[in-house]
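Structural features, examined
The lines below spell out each chain.
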Amino acid sequence: MATTSERPVALGNAWTRWFRHGDGLFAAIVALFSVLVVGLVFAVGVVTYLGSAEARAQFGAGFFTGIDWNPIETSIQAVTFGAWPAVRGTLLTSLIAVTLAAPVGIGIGIYLSELCPRSIRQPLSFMVELLAAIPSVIYGLWGVLVLLPFFTDVLANPIADSLGTIIPALAQPVGTGRGIIATGMILALMILPTISAITRDVLAVVPNTQREVMLALGATRWEVIWGAVLPYSRAGIVGGIMLGLGRALGETMAAVMIVGNTARISDSWFQPATTAASQIASELTNATSPLHESALIYLALTLFAITLTLNLAARILVAQLSRGAASSRF
Amino acid sequence: MSMQEGDTAMEQTRPMNLVGGIAATAARARERRAGSVQLTGPKIVAEHFNFYYGAFQALADISLEFPALQVVGIIGPSGCGKSTLLRAINRMHDRTPGARGEGRLTLDGQEIYAAATDPIQIRRRVGMVFQRPNPFASSIYANVAYGLRLNGVRSRQQLDERVEHALRRAALWDEVKDRLHRDSGTALSGGQQQRLCIARAIATEPEVLLMDEPCSALDPIATLKIEELIDQLRAQFTIVMVTHNMQQAARVSDMTVFMLMDEKTRAGRVIEVAATAQLFTSPGDARTEAYISGRFG
């Protein structure tokens, strides 16, 4: 022991550095964890790929554009599986969700970090974050019991009767209100806390000097936010929106309860539809045949590919935004 | 122990030399500027001005006159309130909860802290340069154009002219004229960034320029360039500069304000105001002499 303590620590040999001091061991353990995570993503890819073999063999790339989903043979239609209704429903509901939630979420973030009195900042932040803690099945329940009746009476029918006469996507019939737009609205609520919390956090790290410069130039509060704070943090805000989009794409439970679970393409977005996640969740347990099951796994593979692609696109966008700051217009 | 005794012995001889050095600097600066300094009326006047952060009084009974078109240096040890005083002039404390000014502080006779005074109007007349260069992460051109656009300048031609004019006055034009739109303001060197910030501040033609230790983050050569620049800007702007560097105050300012924190209340007070050469040659207050000779602070 005495010799160990006399040896200069920094000059210890590789063995000492790696094992006696434990650095190497620690590094190896955390590296293992990281490999596990990467391996998990890989494993999900492999399982969905292998599980969808039968459906892939039968439908190939035509699966993505196929508009019919008939698990049961009838006198008028053969068994066939096409993903387009589900893919379209997933993309449309998520798009609506982001379109609704992004401006509101950014607004909340701005209020929390720039304008709100110090005394209510903490409680308000907490409430917004609490929104993220509500289980999605409760959102779904609330959607069915509260949002749908309100939505049909106050929004959907009046809109369909007015704007709907010009825009086919907003046309009648509204029916029960279950459909793409109602689902998009519920999803918007669910991703709101993500967008607002991230916006608040990225605004909070904007250096104060950036605000002060604008103030010193004679800017109003609005001009400070618009001219200095938002440009400085736009990469982070876009990142927050993309995170919200990711959640909307994969959200299952609320979609199952609201979207109507109908694998059909209707002109009107008020009509029942389906999303990839809700279709898989609602059909997998009572799949009628191995091909049906395989088709659902193929649909899962498709959803996986969509989220991966959008995430990658988001990364590239964020990287370009942070690099291309010189092109700021204001 | 012997080390400490040696230090004490040295301290007794050092102060005189230091005072002599700074006084010489101040005298040289005065000679260099002889004839160029105009006799002018006061631009900014403080009369029994107090400033508070909540219950804490940061400035006590400040009475001062900042003459127009001159450079006033504010010196003093850390915490003496010199930055607070500077930032009180363009109401930069407005965002700080509980911060408030009392007493009179006027710009051309207009009360800066009157209820009817629009802080935005004050800030458009009083430009500011900060301690650390803080360009926006946008192009060099856009950095200078920011304030102009805020002031409603929209015509491309007018923007081009005024951006060029400001960059020339900030002695930066030749270094950046080929990459105005290509390079980000943050891509420049520290000294260039600070001159860009000066260009940004003067582009809107304010009357007063506040500088909060503008060279503290810069190397000596960049510092020298900024000081030369300040020497030229005095022809058009009333400049108030806070500095930690007494040599800099001696070189650059026409008038020097020495501030000190009250030991009991911790509020900042003005101890002495005098023409720079006079303050550094024959300080009127023992505390000023102690500070400029390096005995504390």
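Conventions adopted
- Residues numbered from 1 in each chain as written.
- Chains lettered and ligands numbered in written order.
- Predicted model: local features only at pLDDT ≥ 70, side-chain atom pairs only at ≥ 80, totals over all residues.
- Heavy atoms only, no water.
- Helix = DSSP H or I, 4+ residues; strand = E, 2+ residues; numbered from the N terminus.
- Rg over C-alpha atoms; globule rule 2.2 N^0.38 Å.
- Buried < 20%, exposed > 50% of the residue type's maximum accessible area, 1.4 Å probe, protein only.
- Contact = heavy atoms within 4.5 Å.
- Areas by Shrake-Rupley, 256 points an atom, 1.4 Å probe, with all protein chains shown as cover.
- Lys, Arg positive; Asp, Glu negative; His and termini not counted.
- Charge placed at Lys NZ, Arg CZ, Asp CG, Glu CD.
- Buried area = accessible area lost by both parts, 1.4 Å probe.
- Salt bridge = Lys/Arg side-chain N within 4 Å of Asp/Glu carboxyl O.
- pLDDT = per-residue confidence, 0-100.
- Axes fitted to C-alpha atoms, helices over the stretch in contact; angles between N-to-C directions.
- Parallel < 35°, antiparallel > 145°, perpendicular 65-115°, else oblique.
- Left-handed = near helix turned anticlockwise from the far one by under 90°.
- Nonpolar A, V, L, I, M, F, W, Y, C, P; charged D, E, K, R; others polar.
- Phe/Tyr/Trp six-rings, centres within 6.5 Å; stacked < 30°, edge-to-face > 60°.
- Domains from an automatic or database assignment.

**Concerning the overall build of chain A**
Secondary structure assignment for chain A yields 14 helices and two strands. In summary, chain A has a C-alpha radius of gyration of 26 Å against a globular reference of 20 Å for 330 residues, an excess of more than 25%. Judged by the C-alpha coordinates and their principal axes, chain A covers about 90 × 60 × 40 Å. Burial analysis of chain A (330 residues in total) assigns 42% to the buried set. Taking all contacts inside chain A whose residues are at least 6 apart in sequence as the whole, residues at least 24 apart take part in 71%. Of the roughly 17,100 Å² of accessible surface on chain A, 71% is carried by carbon and sulfur atoms. Treating the 17 positive side-chain charges of chain A as one cloud and the 16 negative ones as another, the clouds have centres 12 Å apart.

**What to know about the overall build of chain B**
Of regular secondary structure, chain B possesses eleven helices and ten strands. Computed over the C-alpha atoms, the radius of gyration of chain B is 20 Å, within 12% of the 19 Å expected from 2.2 N^0.38 for a compact globule of 297 residues. Each of the three principal axes of chain B carries a C-alpha extent, and together these read 65 × 45 × 40 Å. Each of the 297 residues in chain B was classed as buried or not, and the buried ones make up 54%. Residue pairs at least 24 apart in sequence account for 70% of intrachain contacts in chain B once pairs closer than 6 positions are excluded. Of the roughly 13,100 Å² of accessible surface on chain B, 50% is carried by carbon and sulfur atoms. Each charge class in chain B can be summarised by its mean position, and for the 35 positive and 33 negative side chains these summaries are 5 Å apart.

**A short note on the interface of chain B and chain A**
The interface of chain B with chain A comprises 26 residues on the first partner and 22 residues on the second. At the boundary of chain B with chain A, total buried surface from both sides reaches about 2,100 Å², with 61% on carbon and sulfur atoms. By the criterion of area lost to chain A, the three top residues of chain B are Arg 95, Tyr 146 and Leu 150 of chain B, representing 29% of everything that side buries. Here chain B is connected to chain A by two salt bridges. Across the pair Glu 223 of chain A and Arg 124 of chain B runs a salt bridge whose closest N-O atoms are separated by 3.9 Å.

**Looking at the environment of Phe 56 of chain B**
Residue and element names in this part refer to chain B. Considering the arrangement of structural elements, one finds Phe 56 in strand S2 (residues 56–67). Each C-alpha atom of the pair Phe 56 and Ala 145 lies 39 Å from the other, and the pair is 89 residues apart in sequence. In this view, Phe 56 contacts Phe 51, Thr 265 and Arg 266; residues no more than four positions away in its chain are not counted.

**Here we look at the pattern of salt bridges**
Residue and element names in this part refer to chain B. Across all of its chains, the model carries 25 salt bridges over all chains by this definition. Its salt-bridge partner being Arg 234, residue Asp 254 comes within 3.1 Å of it at the nearest N-O pair. With a gap of 20 residues between them, Asp 254 in the loop between helix H9 (246–252) and strand S9 (255–261) and Arg 234 in the loop between helix H8 (220–233) and strand S8 (238–242) connect regions that are remote in the sequence. Connected through shared salt-bridge partners, Lys 43, Asp 108, Arg 125 and Glu 207 make up one network.

**Things to note about the confidence of the model for chain A**
Taken as a whole, chain A shows an average pLDDT of 86; of its residues, 92% reach a score of 70 or greater. Ranking the helices and strands of chain A by mean pLDDT puts helix H6 (residues 84–115) of chain A first, with 94, and helix H1 (residues 2–6) of chain A last, with 49.

**Comments concerning the packing of helix H7 (residues 118–133) of chain A against helix H9 (residues 180–204) of chain A**
Residue and element names in this part refer to chain A. Viewed as axis vectors pointing N to C, H7 and H9 meet at an angle of 140 degrees, and their least axial separation amounts to 8 Å. Taken together, the axes of H7 and H9 lie oblique to each other. For the pair H7 and H9, the sense of crossing is left-handed. Taken together, the residues of H9 that come into contact with H7 (itself represented by Ser 125, Val 128, Glu 129, Leu 131 and Ala 132) are Pro 193, Ser 196, Ala 197 and Arg 200. Residues belonging to the contact of H7 with H9 are distributed by class as follows: five nonpolar, two polar and two charged.

**Considerations on the environment of Gln 158 of chain B**
Residues and elements named next belong to chain B. You can see Gln 158 is positioned in helix H5 (residues 156–169). Given the relative accessible area of 38%, Gln 158 is considered partly exposed. Separated by ten residues in the primary sequence, Gln 158 and Leu 148 place their C-alpha atoms 9.6 Å from one another.

**Points about the packing of aromatic side chains**
Residue and element names in this part refer to chain A. As enumerated under the stated definition, the model contains 15 aromatic pairs over all chains in all. Aromatic side chains Phe 59 and Phe 63 sit 6.3 Å apart centroid to centroid with 35 degrees between the ring planes, which places their arrangement in the tilted category. The exposure class assigned to Phe 59 is buried, which follows from its relative accessible area of 18%. Between the aromatic rings of Trp 69 and Phe 81, the centroid separation amounts to 4.8 Å while the plane-to-plane angle is 75 degrees, which identifies the pairing as edge-to-face. Remark: Phe 81 occurs in strand S2 (residues 80–81) and Trp 69 occurs in strand S1 (residues 69–70); sequence separation between them is twelve residues. The class for Trp 69 is buried, based on a relative accessible area of 8%.

**Notes on the domain arrangement of chain A**
Residue and element names in this part refer to chain A. Under the domain assignment used here, chain A contains domain 1 (2–51) and domain 2 (63–327). Placing a centre on the C-alpha atoms of domain 1 and another on those of domain 2 gives a separation of 39 Å. The partner domain 2 presents five residues to the seven residues of domain 1 that form the contact. Where domain 1 abuts domain 2, roughly 460 Å² becomes buried across the two surfaces, and 78% of that area is made up of carbon and sulfur atoms. Sorting the residues of domain 1 by area buried against domain 2 places Val 41, Thr 48 and Gly 51 first, and these three jointly supply 73% of that buried surface.

**Quick word on the confidence of the model for chain B**
Regions with low pLDDT carry predicted coordinates that are not meant to be interpreted in detail. Residue and element names in this part refer to chain B. Model confidence for chain B is summarised by a mean pLDDT of 87, while 91% of its residues fall at 70 or above. For chain B, per-element mean pLDDT is lowest for helix H1 (residues 2–33), which scores 58, and highest for S8, which scores 95. Confidence drops under a pLDDT of 50 for residues 1–17, and excluding neighbours within four residues, the segment shows three contacts in the predicted structure.

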